[in-house]
Amino acid sequence: CRGRNLPHRKVTPFPDENTVPVMSMYIGHIQRSEAEKKLPFIVARDHRTRITFAHLLKGKSTVVADYSDYVVNVLYNDIRMLDHKKLILKNDQESALKALYERLRRLRTAAGEQTLEENSPVGESQSNGVVEEAIKEVEEMLGTILSSLDESLGGNLPQESAAMAWAVEYSA
């Protein structure tokens, strides 16, 4: 049990106020057994606050129009909650994320907010270590949550269950 005065996550001090905030996103997968298909989920972490968001995806699309409005809107609202009027979205140049970034950029531009893109070098996942760390934390917490749910249910939680989407979001 955590003490009341201990933080949930390690918090680093804010950088210079003139620094443009950065948010990194990465697509991970849940596959609990060989019989199950891989379920993609997206993890987003704000570098400044270390706040992490996670959402289950219906699929991994490389076409801008194919991303579900739900995922785009929920990520847009996650970013709005952080209140960054100017933001750098950092990516590893994966086409699926670039398509998602384009949808987010359009929404933010329409709202009068500025979105810049920063590309990590191809094949250099360590250059985006902030989100790699977030993925690892979310996967560990998700494993714990699903294990607990499975034990309570007396079997595996079905992948199609709404509780699966809840578990992904709650694990962040």
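Above this text is the structure in question.
A few points about unusual backbone geometry
Right, on to step 1. Of note in this structure, Arg50 is not a glycine but carries a positive phi near 70°.
Right, on to step 2. Position of Arg50 relative to the elements: it lies in the loop between strand S2 (39-46) and strand S3 (52-56).
Right, on to step 3. Even without being a glycine, Asp83 presents a positive backbone phi close to 60°.
Right, on to step 4. Position of Asp83 relative to the elements: it lies in the loop between helix H1 (69-82) and strand S4 (86-91).

Overview of H1
Right, on to step 1. The end-to-end C-alpha distance of H1 is 20 Å, a good match for the 20 Å that 14 residues give at a rise of 1.5 Å each.
Right, on to step 2. Buried within H1 we find Val71, Val72, Val74, Leu75, Tyr76, Asp78, Ile79 and Leu82.
Right, on to step 3. In this structure, the buried side of H1 is in contact with strand S1 (22-30), S2, S3, S4 and helix H2 (95-110).
Right, on to step 4. Within two residues after H1, Asp83 carries a phi angle of roughly 60°, on the positive side.

Details of the packing of aromatic side chains
Right, on to step 1. Counting across every chain of the model gives one aromatic pair.
Right, on to step 2. Taking the centre distance of 5.0 Å and the plane angle of 20° together, the rings of Trp166 and Tyr170 count as stacked. Placement of the pair is Trp166 and Tyr170 together in helix H4 (residues 162-170), with a separation of four residues, close to one helical turn.
Right, on to step 3. For Trp166, a relative accessible area of 42% translates into the label partly exposed.

Let's talk about the side chain of Thr115
Right, on to step 1. The residue Thr115 is located in strand S5 (residues 114-119) in this model.
Right, on to step 2. Among the polar contacts made by the side chain of Thr115, one reaches the side chain of Arg108 at a distance of 2.6 Å.
Right, on to step 3. Excluding residues that lie within four positions of it along the chain, Thr115 makes contacts with Leu87, Leu89, Arg105 and Arg108.

Comments concerning H2
Right, on to step 1. Its 16 residues give H2 an end-to-end C-alpha distance of 23 Å, which sits within 8% of 22 Å, the value for a rise of 1.5 Å per residue.
Right, on to step 2. Where H2 is buried, its residues meet S1, S2, H1, S4 and S5.
Right, on to step 3. Looking one or two residues beyond H2, the residue adopting positive phi is Gly112, at roughly 80°.

Procedures and definitions
Residues numbered from 1 in each chain as written. Predicted model: local features only at pLDDT ≥ 70, side-chain atom pairs only at ≥ 80, totals over all residues. Heavy atoms only, no water. Helix = DSSP H or I, 4+ residues; strand = E, 2+ residues; numbered from the N terminus. Expected span 1.5 Å × (residues − 1). Buried < 20%, exposed > 50% of the residue type's maximum accessible area, 1.4 Å probe, protein only. Contact = heavy atoms within 4.5 Å. Phe/Tyr/Trp six-rings, centres within 6.5 Å; stacked < 30°, edge-to-face > 60°. Polar contact = N/O pair within 3.5 Å; in protein donor to acceptor, adjacent residues only side chain to side chain.

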